[in-house]
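Single-letter residue listing:
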Amino acid sequence: MPDVAQYIGMVVTFLVAFGLSFELPILAVLLTRIGLINHHLLRRGWRVALVGILILAALITPTPDPGTMLLVAGPLYVLYELSIVLSRIFQVKVPDDDEPVRL
């Protein structure tokens, strides 16, 4: 039977992990607007992202069973795909040389 300190520690870990992971689409939009990433880069790196998401899910789940890990990894991967879509929507358009720049 876990004591109160262990329970609160586990709850805080879950809140911080899920809170940070739900910021992934916002971070992707910001990095896209700055010009550091684009949707092509995110689309090419989906395999690496999936492995990273599975490792992260294995670290933040309290039990070693794969069912719980997949329940955590599923929404994280959906957020990654949402990041790709948002990166495509919010990409910076580079003006042509003969087109005047509008602010």
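Cut-offs applied
- Residues numbered from 1 in each chain as written.
- Predicted model: local features only at pLDDT ≥ 70, side-chain atom pairs only at ≥ 80, totals over all residues.
- Heavy atoms only, no water.
- Helix = DSSP H or I, 4+ residues; strand = E, 2+ residues; numbered from the N terminus.
- Buried < 20%, exposed > 50% of the residue type's maximum accessible area, 1.4 Å probe, protein only.
- Contact = heavy atoms within 4.5 Å.
- Patch = residues over 30% accessible without salt bridge, like charges linked within 9 Å, V, L, I, M, F, W, Y side chains within 5 Å.
- Areas by Shrake-Rupley, 256 points an atom, 1.4 Å probe, with all protein chains shown as cover.
- Salt bridge = Lys/Arg side-chain N within 4 Å of Asp/Glu carboxyl O.
- pLDDT = per-residue confidence, 0-100.
- Phe/Tyr/Trp six-rings, centres within 6.5 Å; stacked < 30°, edge-to-face > 60°.

### Considerations on the side chain of threonine 32
In this fold, threonine 32 is placed in helix H2 (residues 24–34). By relative accessible area, which is 3% here, threonine 32 ends up buried. Discounting chain neighbours no more than four positions away, the residues touching threonine 32 are Ile37, Ser87, Phe90, Gln91 and Val92.

### Brief notes about a nonpolar patch on the surface
On the surface, Val4, Tyr7, Ile8, Met10, Val11, Val12, Leu15, Val16 and Leu20 cluster together into a nonpolar patch covering about 860 Å² of accessible area. When you line up the elements, methionine 10 lands in helix H1 (residues 4–21).

### Regarding the confidence of the model for the chain
For any part of a model where pLDDT is low, the fine detail of the predicted coordinates should not be relied upon. When the pLDDT values of the chain are averaged, the result is 87; 91% of them are 70 or greater. Element-level mean pLDDT values for the chain span from 87 in H1 up to 94 in helix H3 (residues 39–44).

### A word on the packing of aromatic side chains
The full count for this structure, using the stated rule, is 2 aromatic pairs. Here phenylalanine 14 and phenylalanine 18 contribute two aromatic rings whose centre-to-centre distance is 5.9 Å and whose plane-to-plane angle is 25°, an arrangement assigned as stacked. Residue phenylalanine 14 and its partner phenylalanine 18 are both found in helix H1; the two are separated by 4 residues, about one turn of the helix. Given the relative accessible area of 28%, phenylalanine 18 is considered partly exposed.

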